[in-house]
Each structure stands twice: as structure tokens, then as C-alpha cells.
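What the coordinates show
Each chain, written out:
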Amino acid sequence: MSIKVAKFGGTSLADAGQFQKVKSILLEDSTRKYVIPSAPGKCHREDTKITDLLYLCHAQLQHKVGFQHTFTIIKERFLNILKELGLSLNLNTYFEEIEKNIEAGASIDYVVSRGEYLNGIILAELLGWGFIDAKDVIYFYPNGSLHIELTEEKLKHSLSSRKNVVIPGFYGALPNGEIKIFSRGGSDITGALVARAVSAEVYENWTDVSGLLMTDPRIVQDPKPIETITYRELRELSYMGASVLHEDTIFPVLQAGIPINIRNTNTPKDPGTMIVSFANPIAPQGNITGIAGKKNFTVIAIEKNRMKSDISFMRKLLTILEVNNIYFEHLPSGIDSLSIVVTDEQLENKLDQLINDIELQCDPDLIEVYPNMALIATVGHGMAYTPGISAKLFTALADKGINIRMIDQGSSEINIIIGVETDDFESAITAIYNAFVN
Ligand code: ASP
């Protein structure tokens, strides 16, 4: 029997109106059997997420400033949702217990996880569905890393005999029973783990956008939505900043071959974006899937005569980077030259030391530093084995008078990464988009 797992993000459950939308989405398709809620997010731009208010409560207690006022705001948000939904559920005993535990110095993980916990209880009541506390099915090792095998076993065991269940996102338990959370945005991971345990046909991730767009709408007006994207393409784009999902979401479902469908709770008819394991074989050749980019890179260009025949050169260079705790984005090379492309963030206060070390240990003929670089990745399985793709891309840039400072194409041919001056960033993305899409 086909099963869908649906995770709803904070904005999808920010108020009673949003809860009603979630309810109709769930009831509209009886294969949606398991639901993972986040805590209520922002109702409007100036609003504060419940999780942030809970972090504040914990900080206030640490600094010995009363947290009661903040806790009252939290209670009111939940009570308002209940009232507007017309539910008679009494949350007082939950509130009292949580308040008592905070006062008694409960861990930060416990405190901030209560948003998901309470939201799960409300959603289960609204739907008339069962509720499983995530602490009974999501397990961590004592060192805080996820215990995937045990989690899978517990989830399978608990869910095999139960359908229509709410499982709060974002947290689980350590072996001693204490609450442990994932990093921020971690309800995505809970959903992925549930989807994998029940061998879902699809993992629906409901949010406030209708999937991914081909590029940043702040740069290109009304970019086309991406209907289907592979996990690999998404990785290539997300490292450039186009991230919609928690990074660790993909792995559990990727392994199990379960597609992720990003959907919009506010426009549920939109098909959203389907993230799949493999390229769609009928993807039109010559097409790109998306364009993403990031500013603030520096290129350190090194030249040395007969660099290639100095077999210890690379080892020395990589050791210098390691010792200085710097990771690089790209390392394009020529016969006697090599460039290290790093984010400015990585280089912060380390540039002088790095240059010094390279000069001393690698004995180059020349080192030059070029700041203000922006990288742009053009990504798509449809580009592979298609002659003319690069020509199209570079012609589009040349026509706009944009100078390309670096080129890197992975051997899989699913991405072409170029480096341009920061000032050319927006016009380069627009030129590439227009060349392939319009
Ligand atoms: N509520 C948590 C956060 O704000 C977890 C989540 O939404 O996935 O990060």
C-alpha cells in the first residue's frame, strides 16, 4: 500500500488558519499516514518563532532574568491556536510541567524541543490521529550523533501497526532518556527518518514556497520553477546557497530511493519540486536545471616553474591549508600554476599567515591574491554529453562583456562553475539564465 509522509514547517503551522490548511491537505489524500510538525513559526515578518522564544526562556533563566513573561507569550500563542480551532484540549498540565522543568534547570535541548512537542499534541487532537513522542522513536548515541539503526528499528516497530500518527520533529532522546535535538531546522531530518522507516512512496516537505526556482528571484524576475531535480544537482546548487532543506535530510531518503516533494501549504495545488535519486531519463538534452552563486571568495594564484614535476608540492600546499584550518572550494590548476579558491570567511585573519607558509614551504615564483570573486554554478544532468553547452554559456557572458576569471567543470559534466568579479555577479547569472531559459 502506498504511504506518504508529510512534514510541515513552522510557517505552515504558525496559526489556526494554517492548521486548517494542513488538516485539509492531510485529509484530502488518505495515503498521507504520518505527519511531522515543526513548532509554530512566524505569523508575519516581525513575529518570533516559538523555538526562538524557547531559546530565550532558557537564556533568561541562565542569566537569572525571569523567563515567565516569555513563557506566557508562548502559552498564549498555543492557547490562541486551540481557541481558534475550537478544540477543548486542556494544555495546562503540559504547560505546568514544562515551566516546572525549566525552573528546575532542564537542558536547553529539552526546553527548545517543547515547541514541536506541544504542536504535535495539538495537531493530533485536530486530526483525531494518534501521537508518538519523538523521544520514544528517535535515538542518539551518548556523543550526540544520531543512532540510525536503533531509530530505524524503533520507528519500524512503532509505526508498522499504527497508521495516521503525528510524530513531532526536531528531537529525540539520548540513551539516558534525556532529550536531544538536531540542529536548527532539524524537523526535516525527523521526516526523512520516518519516510525511510515506513518505506514511503514519497516524502512530502510542506513549506511556504512552491518548490525550488531555477535561480534567485532577487536577481532574475520570476524564474521558472524546477519540476524535478536530482539529489546530486541539489547538492551542487545548495552548496552555493540555494538551500530549502536541512543538509542532513537527503541522506536517509537518498539511500532508500525515496523522492522528496517540496510543496507549498498555501497553494497545495502546485506540484512543487520533486527531488529524485537519479536523473529523469527523458530530461531534454541541453537543458540546465538551475543556477546558483555566492559572493565573497578570494583566489590565491600560485606560479612555480616545473610545478608539476615537484611531486611534493601538492602535499605541502594541502598540509599548509590543513594546519591553518582552511578548506578550499576549488583548486583549478595549469602546468605551472595553481589557484586556491577560498571563501573570505575561511580566510579571515589568516591570509598573511597562509601566504607566509606557502612562500616558506613551497618556494613559489609568484603568489597573487585576487579578492572580490564571485562563483556561479550552472547545474544540470541535461548538460552532460551535450556539445555546445559551454559555448552557449560563455557566449552569453561574452556578449555582456563579462570577464570570466576562473572555470571549473566537474568530469560528470553536471556543473560548470565560473568565477567572475563581484560586480558582475548579478549580470552574469541573468545572462546565463536568459541564454538557457528564454
Ligand atoms: N523548530 C525548529 C527550528 O526552528 C526545528 C524546525 O523547525 O525544523 O529550528
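Below is a summary of the structure that appears in this document. (Residues numbered from 1 in each chain as written. Predicted model: local features only at pLDDT ≥ 70, side-chain atom pairs only at ≥ 80, totals over all residues. Heavy atoms only, no water.)

Some details on the overall build of the protein
- A count of helices and strands for the protein gives 14 helices and 15 strands.
- Seen through its C-alpha atoms, the protein measures out along the principal axes to roughly 75 × 50 × 40 Å.
- In the protein, 40 side chains carry a positive charge and 54 a negative one; their mean positions are 6 Å apart. (Helix = DSSP H or I, 4+ residues; strand = E, 2+ residues; numbered from the N terminus. Lys, Arg positive; Asp, Glu negative; His and termini not counted. Charge placed at Lys NZ, Arg CZ, Asp CG, Glu CD.)

Some details on the site of the ligand
- For the ligand, the full set of nearby residues is S38, K49, T51, E116, F170, R184, G185, G186 and S187.
- One of the backbone nitrogen or oxygen atoms of G185 is found 2.8 Å away from an oxygen atom of the ligand.
- In the complex, 94% of the free accessible area of the ligand, which totals 260 Å², lies under the protein chains.
- Taken together, the residues of the shell around the ligand break down into one nonpolar, five polar and three charged. (Near = heavy atom within 4 Å. Polar contact = N/O pair within 3.5 Å; in protein donor to acceptor, adjacent residues only side chain to side chain. Areas by Shrake-Rupley, 256 points an atom, 1.4 Å probe, with all protein chains shown as cover. Nonpolar A, V, L, I, M, F, W, Y, C, P; charged D, E, K, R; others polar.)

Digging into the state of the cysteines
- Under the defined criterion, the tally for this structure stands at zero disulfides.
- In this structure C57 is a free cysteine whose sulfur lies 17 Å from that of C43, the closest cysteine sulfur available. (Disulfide = S-S within 2.5 Å.)

Structural notes on the nonpolar core
- Counting 114 residues, the largest nonpolar core has V5, F8, L91, I122, L123, I167 and I376 as its most contacted members.
- Top contributing element to this core by residue count: helix 5 (residues 108-127), with 11 residues.
- Among residues more than four places away in sequence, those in contact with V5 are Y34, I36, G191, V194, A195, V198, A200, V202, Y203 and E204.
- Within the second largest apolar cluster, 18 residues are counted, among which are I326, L354, I355 and I358. (Core = buried A, V, L, I, M, F, W, Y, C linked by side-chain atoms within 4.5 Å. Buried < 20%, exposed > 50% of the residue type's maximum accessible area, 1.4 Å probe, protein only. Contact = heavy atoms within 4.5 Å.)

Comments concerning the side chain of D47
- By the secondary structure assignment, D47 is in the loop between strand 2 (32-37) and helix 2 (50-62).
- Among the residues examined, D47 registers a relative accessible area of 17% and is labelled buried.
- A polar contact of 2.7 Å, which involves the side chain of D47, links it to the backbone nitrogen of C43.
- A polar contact is formed between the side chain of D47 and the side chain of R77, at a distance of 3.5 Å.

Some remarks on a negative patch on the surface
- Among the surface-exposed residues, E303, D363, D365 and E368 lie close enough to one another that they form a single negatively charged patch.
- With respect to the helices and strands, D365 occurs in the loop between helix 12 (351-362) and strand 13 (366-379).
- Residue class for D365 comes out exposed when judged on its relative accessible area of 55%. (Patch = residues over 30% accessible without salt bridge, like charges linked within 9 Å, V, L, I, M, F, W, Y side chains within 5 Å. Salt bridge = Lys/Arg side-chain N within 4 Å of Asp/Glu carboxyl O.)

Some words on the pattern of salt bridges
- By the definition in use, this model includes 17 salt bridges.
- D188 is paired through a salt bridge with K7; the nearest N and O atoms lie 2.9 Å apart. Here K7 lies in strand 1 (residues 4-8) and D188 lies in helix 7 (residues 187-197), a separation of 181 residues in the sequence. K7 shares its class with D188; the two are buried.
- The salt bridge involving R196 is made with E152; its shortest N-O contact spans 2.7 Å. With R196 in helix 7 and E152 in helix 6 (residues 148-160), the pair connects residues that are 44 residues apart, well separated along the chain. The burial state of R196 is the same as that of E152; both residues are buried.

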